[in-house]
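# Structure at a glance
Given next are the chains, with one letter for each unit.
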Amino acid sequence: NHDKGYSHPECKERIVSIQKKLESTLYYKELKKFNPREATVDEISLIHDTSYFNFFEEKTKNKSGYFDPDTVFSNDSNLAAKLAAGSGLVLADSI
């Protein structure tokens, strides 16, 4: 439930629209699908300082709000971020 509101570019409707468009293409069935996974703290800490990770995790735990006027977060933003990072790692490992 990483809902950032309808007007935000990361809204659920945008993702659903992209998915439908991809599924309507001739090549969609040929695409290789991968299961995402959460990046670990150790993996994330290779890029971000552990204190930043801990701040982000604590700030988003069971809450929603704003980091700044342009950056919305929800209670599932931490999970979404770990899945996004982990998905990139899954794809890199598949090469």
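Here the structure is a predicted model, which is why all the values come from computation and not from measurement.

## Comments concerning the side chain of Lys-82
As for its placement among the helices and strands, Lys-82 is situated in helix H4 (residues 77-94). Dropping the residues within four chain positions of it, Lys-82 is found in contact with Arg-37, Glu-38, Ala-39, Ile-44, Phe-53 and Glu-57.

## Description of the pattern of salt bridges
Scanning the model with the defined rule gives four salt bridges in all. Across the pair Arg-37 and Glu-43 runs a salt bridge, and its minimum N-O distance is 2.8 Å. Under the relative-accessibility criterion, Arg-37 is labelled partly exposed at 28%. Taking the shortest distance from any N to any O, the salt bridge between Lys-82 and Glu-38 comes out at 3.6 Å. Of this pair, Lys-82 sits in helix H4 while Glu-38 sits in the loop between helix H1 (12-23) and helix H2 (41-44), and the two are 44 residues apart along the sequence. The structure contains a network of salt bridges with shared partners spanning Glu-38, Glu-57 and Lys-82.

Conventions used here
- Sequence order as written defines residue numbering, which begins from 1 separately in each chain.
- At least 70 in pLDDT is required for a residue's local features to be given in this predicted model, at least 80 for side-chain atom pairs to be given and counted, and no such filter applies to totals for whole chains, interfaces and linings, which use all residues.
- Note that the side-chain values use all heavy atoms of the structure and ignore hydrogens as well as water.
- In DSSP terms, a helix is any run of H or I states spanning at least four residues, a strand is any run of E spanning at least two, and both are numbered starting from the N terminus.
- Note on contacts: a residue pair is in contact if any heavy atoms of the two residues lie within 4.5 Å.
- Any carboxyl oxygen of Asp or Glu within 4 Å of a side-chain nitrogen of Lys or Arg constitutes a salt bridge here.
- Note on classification: 1.4 Å probe, protein chains only; a residue is buried when its accessible area is under 20% of the maximum for its type, exposed when over 50%, partly exposed between these limits.

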